[in-house]
Amino acid sequence: MTLPALKENHKIYIMLALLIGASYLTYYYHVILGIEIVFTHLFYIPITLACIWWKWRGIVVALFLGAMLLVSHALFVSFFSLIHDVSRSLMFVAAAVVVALLSEQLERANILYRTVADSSHTGIYIIQNGKFRYLNRNTARHAGCTAEDMMMDPLTVVHPDDRKRVKENAFSMLKGKLSIPYEYRLIDKSSQIRYIMETITPIEYQGDRAVLGNVVDITDRKESEEALKIHNQRFFGVLNSLDALVYVTDMQTNELLFINKYGHDIWGDIEGKICWQTIQAGQTGPCEFCTNDRLVGPEGKPTDGVVWDFQNTVNGHWYECRDRAIYWPDGRIVRMEIATDVTARKRAEDALRLSEERYRTILRDIEDGYHEVDLAGSFIFFNESFSKIMGYSREELLGMNYKQYAADRDNAKKVREVYGGIYRTGEPVQGFDWDIIRKDGERRTVDVSVSLIRDAEGRPEGFRGIVRDITERKRQEEEAHKLSITDQLTGLYNRRGFIALAKQQMRTANRAKRHMMLAFIDIDGMKWINDALGHQEGDRALLDTTNVLRQTFRESDVIARIGGDEFAVLAIDVTDMTPEILSDRLAQLIAIHNTKETMSYQLSISWGVAIYDPDGLKSLDQLMSEADELMYLRKKAKLKSSV
């Protein structure tokens, strides 16, 4: 155990023993024997120890002991000897004081060094003769050991694969050939690998050569770097797998910092070169279309980026370019571009544009109206012909709903049902007609063919159709139809028209469980009128009979001249009419007619009436035969009575 390690009470005991011993020997040899020997200087030993051990307190003790020494000399020696001893004592005390001050500074320096070393986050150690002589807490902590555990061969904790390299780096640094820190792995007490960065320098320790080392645990940094490396490998792996060009350039120098495999296969190994000199052709400077100035905002931060199309001047392909400013690993802001080859799309777009131009030219020139509506039935597109058919301007028609120009509720319902069926089935409908009301109020009939419009995913998004104004055609058809079912002389239905309408009314009566009445009527003496008075007078008899029938029956009843002088009437509503009432009304009207008209003959008709019962299920032919037979019996009875 060294003296600086003694406790304070031990120091006091030693001081008292030395003081008593020195005093006794001094007195014995100097006073009793009168001998001036070196032992008289033993009294200075406790003075020196006090200065060394107790610092400033020791100086006070030294001064006190020195004073005692002077007093002892004054009591036992001559005056001149006293002066000599006083001078010698003062010089010795001064030397002791200097030694005490230097000892205190050294101790303070040692304490400061150890305090700094122990509180430092850096591992600090001293190796001498191949062993640790000193190490702070962090050095031991890096190895997961205590300071006592580390008093061994330093290479013991170094990873076996790194020991040779550590030796080489250490020798190089000690010889001044290596100035930068070197890294290695160590294995801690729990067998975990940790990464260390180290520097060493030669020093002298306790009078012999030694090595002072500084170590920093960089395990967290290395793990972060490894994680970043893995992340970058994955990131660049993704970029290299993209079927699109990806490259990164310095926004100041235009140097290519990265280009992925897709770009490498086309442009070659151009990393480190200038982008406008390699990716484009014929450039004498930075590209005029470069987006660098739009990628960083006023505050120096990246913007949302720019999307644009461009035709490359090297291979002639079209690319959709997505440019964005990003932070590079070294902290600078760089431009990254992802360019997807859209040449096929561009060609398709050009073809589509040409097709649309032809399509719109056709739509512009055709007389038929073309229109597109959304799912609610509002116009979103139409040609000029459609606007003319509807009678509205383009501005008025855009956004208009079909309900606004449908002629009536029935037509609106018809359109809704047709379009609804197309939406449900997806099947187009061709040639259905409906009535519209133009802006000027004119009612027109249009023929419409409609199909479904689907979006890219196949979902319905509207309807398109061709519209043709068939008003004149419908009028002509109606006139032709009317002529085909109308008697030209009387204006009544002919036999064809009567049969068609009668069958339709019979179906309606069957559903409504409604009775009807069919009258079969014949003009008496028609042959005589034609033969004796002429056909002109015969035509007049037919017209007079027509007027009588129109006065007898309602407008909703079906009245027809079914041939020659024969008429048929289908009375729809017979709630207030019976065969007897009908007979009375006909007889009365014939009588009134004969009294008003001045003719060479009296108009006379015969009739037969048959009732249609929906539960009886009689056919029209059966009903007409029954009425005809009754009419014939009446006519026969009339002839018999006139004879």
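Preceding this paragraph is the structure being described.
Throughout, a residue's number is its position along its own chain's written sequence, starting from 1. Under the rules for a predicted model, residues below a pLDDT of 70 receive no local features and side-chain atom pairs below 80 are neither given nor counted, while totals for whole chains, interfaces and linings still include all residues. Water and hydrogen atoms were dropped before computing side-chain values, which therefore reflect all heavy atoms in the structure.

Caption draft 1: Quick look at the sheet that holds strand 16 (residues 516-523). With antiparallel pairing, four strands are arranged side by side in an open sheet as 17-18-16-19. The open sheet is flanked by strand 17 (558-563) and strand 19 (605-612), the only strands paired with a single partner. Going across the sheet, the axis of each strand differs from the next one's by a mean of 20°, ignoring polarity. Pairing between strands requires that DSSP locate at least two bridges from one strand to the other. Only DSSP runs of H or I covering at least 4 residues are called helices, and only runs of E covering at least 2 are called strands; the numbering of each starts at the N terminus. Of the pairings in the sheet, the one linking strand 17 to strand 18 (residues 566-571) comprises five bridges and is antiparallel in character. Its bridge partner being in strand 18, A560 is matched across the sheet by A568. Residues count as neighbours in contact if any of their non-hydrogen atoms are within 4.5 Å of one another. Helix axes are fitted only over the stretch in contact, all axes being lines through C-alpha atoms; the angle between N-to-C directions runs from 0 to 180 degrees. Across the sheet, helix 18 (residues 579-596) is in contact with strand 16 and strand 19; its angle to strand 19 comes to roughly 155°.

Caption draft 2: Main features of unusual backbone geometry. You will see that N254, though not glycine, has its phi angle at about 65°, which is positive. Within the element layout of this structure, N254 appears in the loop between strand 6 (245-250) and strand 7 (256-259). Phi is positive for K513, which is not a glycine, with a value near 55°. With respect to the element layout, K513 can be found in the loop between helix 15 (495-512) and strand 16. Judged by relative accessible area, which is 55%, K513 ranks as exposed. Think of it in three bands: with a 1.4 Å probe and only protein chains considered, a residue is buried below 20% of the maximum accessible area for its type, exposed above 50%, and partly exposed in between.

Caption draft 3: Representation of the environment of L245 within the structure. Tracing the sequence through the fold places L245 in strand 6. The class of L245 is buried, set by a relative accessible area of 3%. In this structure the C-alpha to C-alpha distance between L245 and Y319, which are 74 residues apart in sequence, comes to 9.0 Å. If near-sequence neighbours (up to four positions away) are discounted, L245 is found in contact with I259, N260, Y262, G263, W267, E337, I338 and A339.

Caption draft 4: Representation of the packing of aromatic side chains in the model. When the centres of two rings from Phe, Tyr and Trp lie within 6.5 Å, Trp using its six-membered ring, the rings pair. Their planes under 30 degrees apart give stacked, over 60 give edge-to-face, and anything left gives tilted. One pass over the structure, following the stated rule, counts 13 aromatic pairs. Pairing Y125 with F132 gives two aromatic rings, centres 5.5 Å apart and planes at 85°, and the pair type is edge-to-face. Accessibility classification places Y125 together with F132 in one group, the buried group. Ring geometry for W308 versus F310: centroids 5.6 Å apart, planes at 50°, classification tilted. The residues W308 and F310 share a single accessibility class, namely buried.

Caption draft 5: Region of interest: the environment of D447. On the secondary structure map, D447 appears in strand 14 (residues 443-454). The exposure class assigned to D447 is buried, which follows from its relative accessible area of 18%. Taking the C-alpha atoms as reference, D447 lies 10.0 Å from D368; in sequence the two are 79 residues apart. Here D447 is in contact with G431, F432, D433, I466, V467, R468 and I470, once residues within four sequence places are set aside.

Caption draft 6: Here's a closer look at the pairing of strand 13 (residues 429-437). The pairing of strand 13 with strand 14 spans seven bridges and is antiparallel. By the bridge assignment, W434 is partnered in strand 14 with V446. Linkage of strand 13 to strand 14, two consecutive antiparallel strands, is achieved through a turn of five residues, within which G441 is found at a positive phi near 90°.

Caption draft 7: Region of interest: the pattern of salt bridges. Here a salt bridge means any side-chain nitrogen of Lys or Arg lying within 4 Å of a carboxyl oxygen belonging to Asp or Glu. Within the structure shown, the criterion is met by 37 salt bridges. Ionic pairing is found between K439 and E396, a salt bridge with its closest N-O pair at 2.6 Å. Pair noted here: K439 is in the loop between strand 13 and strand 14 and E396 is in helix 12 (residues 394-397), with a separation of 43 residues, a long-range link. For K439, a relative accessible area of 47% translates into the label partly exposed. The partly exposed category is assigned to E396, whose relative accessible area is 34%. With a closest N to O distance of 3.5 Å, E457 and R459 form a salt bridge. Taking relative accessible area as the criterion, E457 reaches 57% and is therefore assigned exposed. The structure contains a network of salt bridges with shared partners spanning D309, E320, R322, R345, K346 and E349.

By themselves, these are just geometric observations and shouldn't be taken as functional.
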